[in-house]
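Inside the fold
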Amino acid sequence: MIYPYFITYMAAGLILAGGVFAWALKNGQFKDQQRARYLPLEESAKAGPPSDLSRIRKTELGVLAGLAVAGLGASGAAIVFSLLQNRP
Amino acid sequence: MPTPPFEGKGKRPADEIPEPGRYATARGFCLTSAFWMIVAASAGLLGATELIAPDLPGSLAWLSFGRIRPVHINLVLFGFVTPGLLGAAFYYVPRLLRTELFSERLGRLTVLAWNGALVAIVVSLCMGYTQGREYAEPVWPIDVLVVGAFGLIFFNLALTVKNREEPLLYVSIWYVLAAVILTAVTYALGNVIWRPDSGALSGIPDAILLWFYGHNVFGLLLTPLSAGVAYYVIPRACRAPLYSHTLSLLGFWSLLVIYTHIGTHHLLQVPVPTWLKVIAVTDSVAMVIPVMAFLINIWYTARGRLGEIHADIGAKFVFTGTVMYFFVSIQGSMMSLPQVQRVTHFNNWVVGHAHVGVLGFAGMIAIGGLYAVLPKISGRPLFSRFLADLQYWLILIGVTGFTVVLTVAGLIQGNAWLNGETVYRVLGEIHMYYIVRAGLGLMVFSAALIGMYNMARTLFPRKGGAP
């Protein structure tokens, strides 16, 4: 009784994805990938030149980087701690 | 300094002022997101406060934790984040396809139905009507309404794709279409919609099906919608082409193949078939493929252009969301390992993980998407960049704080239980973390109020203001 539900669920996803992938392949969706890279930019042509980083923004970036390193460090430490605590 | 593309004061070119009625659907979903973020955050804040003071609701059953928690979760998922991402999508899909939305009228109807479902969710859950399955609490009539709304959205977007003038489908289009149709199917299956009386199977099959749903309703809804927004907003803000469209498609298709199978990693302690657990854990680790394909692509597009990212408040939110995505994905893959789960499962670690994912990643990108499209759909500059920045920092500090305190609390709980400690003795140890969590929740609630005000003033300026 268990198998039919999730096998159907997983198979439906794969079959659906396979069908759409075949459609995409047949319709040339994987060609001209260079042009595809520029599609979001069509409206941006009017924008001015890029702006430089101000000192405040550099500080902001530093704070963000600090948060990122702290978060990653905490996660890593927690995982190492978990693995060490659970040694068989 | 030159005026960034989406901000600044003064008149915008006439061709950028949308005619009345255009983008009504995008506008509706944007407002939906901003409004329900307030309600969702207030429910979360109330729930967090009740964890500190369990007697707070007194005899008001409709405010009890068991009812407020599902209200919070369902509103964050369907009230705040999903509509925010859809608001951006209803703007960028027609633009990328160089056509108009198939039907703004149908879109408006969808927004109405969506909000009707949200009201029904709040009322029914507060009254105690629930299916009692995590993330699938709403009762059958609401399930039908939600699936119907997703069906209408897919219909509208699919016919927009059909009417397109641009033959190539940009990766954001792939992501949004996949998210909508997969969620319609996942929601119907996961809520066992063919059994209106219970909304559930029985025994282990129900647990398996529920967790396919429970994971996919986030992974196959919020992740692809967020990726779609990021792939649109970041190249525009950087004024640079996407690093690799081929890599983005690799990420999309691998997400589709891998993500659909990993729900059982929530059930590693349950007697489900071993082969299913192996698939779930293996694919959870394999998620590094779509995740890194996405992140490498976005970060290489933004490489050397962080000045532009910071100049554009929408992109700033979105880019931060991608950093959070990195954290939550690494966490997710690691948490699927049985050895790690022995400590991290069934405690506040998971709650911290969920907040990084839904608020830090998808929520941040949803708000970024709103700020990116607001000036376009309103034809006016954003009312206040300062308020948007304030909102950004409140949410960033809030979600980072959530992560730290909930992770610490989770480790205390997990380690104590693993060593045979009783539950009530641990509660005292984590009390302080709950207090800090509630304080951080207040920051997020404030951020939601600020965001709503900023959006309302942008969309509905006072008479005599800028056009």
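Note that the structure is predicted; figures quoted are calculated from it, not measured.

Attention now goes to the overall build of chain B. Counting its secondary structure elements, chain B contains 16 helices and zero strands. Counting only residues that meet the buried cut, chain B has 64% of its 467 residues in that class. Sequence-distant contacts in chain B: of pairs separated by 6 or more residues, those separated by 24 or more amount to 84%. In the structure as shown, chain B presents an accessible area of about 16400 Å², 69% of it carried by carbon and sulfur atoms.

In terms of helices and strands, chain A carries three helices and zero strands. Its helices and strands taken in sequence order, chain A reads α-α-α from the N to the C terminus.

Residue and element names in this part refer to chain B. The terminal C-alpha atoms of helix α8 (residues 245-259) lie 21 Å apart, and with 15 residues this matches the ideal 21 Å at 1.5 Å per residue to within 8%. Among the 15 residues that make up α8, 11 are buried, leaving the element largely enclosed by the rest of the structure. Among all positions of α8, only His245, Ser248, Leu249, Gly251, Phe252, Trp253, Ser254, Leu255, Leu256, Ile258 and Tyr259 are buried. Between the side-chain oxygen at the start of α8 and the backbone nitrogen of Thr246 there is a gap of 3.4 Å, and the oxygen is on Ser244.

Our focus in this paragraph is the nonpolar core. Residue and element names in this part refer to chain B. Judged by nonpolar contacts, the single largest core of 158 residues is most densely connected at Phe78 and Tyr92. Top element by residues in this core is helix α2 (residues 65-97). It accounts for 19 residues. What Phe78 contacts, discounting residues up to four positions off in sequence, is Pro83, Trp114, Leu118, Phe150, Tyr187, Tyr213, Val217 and Leu221.

Residue and element names in this part refer to chain B. With 23 residues, helix α4 (residues 140-162) extends 32 Å between its outermost C-alpha atoms, agreeing within 8% with the 33 Å of an ideal straight helix rising 1.5 Å per residue. If you check which residues of α4 are buried, you get Ile142, Asp143, Val146, Ala149, Phe150, Ile153, Asn156, Leu157, Leu159, Thr160 and Val161. Elements in contact with the buried residues of α4: α1 (24-52), α2, α3 (104-126) and α5 (171-190).

The subject of this paragraph is the packing of α4(B) against α5(B). All names here are of chain B. Close contact between α4 and α5 brings their axes to 9 Å; oriented N to C, the two are set at 155 degrees. By the criterion of interaxial angle, the relationship of α4 to α5 is roughly antiparallel. When you trace α4 past α5, the crossing you get is left-handed. On the side of α4, the interface is formed by Asp143, Val146, Val147, Phe150, Ile153, Phe154, Leu157, Ala158 and Val161, while α5 contributes Ile173, Val176, Leu177, Val180, Ile181, Thr183, Ala184, Tyr187 and Ala188. Taken together, the residues of the contact of α4 with α5 sort by class into 16 nonpolar, one polar and one charged.

Procedures and definitions
Residues numbered from 1 in each chain as written. Chains lettered and ligands numbered in written order. Predicted model: local features only at pLDDT ≥ 70, side-chain atom pairs only at ≥ 80, totals over all residues. Heavy atoms only, no water. Helix = DSSP H or I, 4+ residues; strand = E, 2+ residues; numbered from the N terminus. Buried < 20%, exposed > 50% of the residue type's maximum accessible area, 1.4 Å probe, protein only. Contact = heavy atoms within 4.5 Å. Areas by Shrake-Rupley, 256 points an atom, 1.4 Å probe, with all protein chains shown as cover. Expected span 1.5 Å × (residues − 1). Polar contact = N/O pair within 3.5 Å; in protein donor to acceptor, adjacent residues only side chain to side chain. Core = buried A, V, L, I, M, F, W, Y, C linked by side-chain atoms within 4.5 Å. Axes fitted to C-alpha atoms, helices over the stretch in contact; angles between N-to-C directions. Parallel < 35°, antiparallel > 145°, perpendicular 65-115°, else oblique. Left-handed = near helix turned anticlockwise from the far one by under 90°. Nonpolar A, V, L, I, M, F, W, Y, C, P; charged D, E, K, R; others polar.

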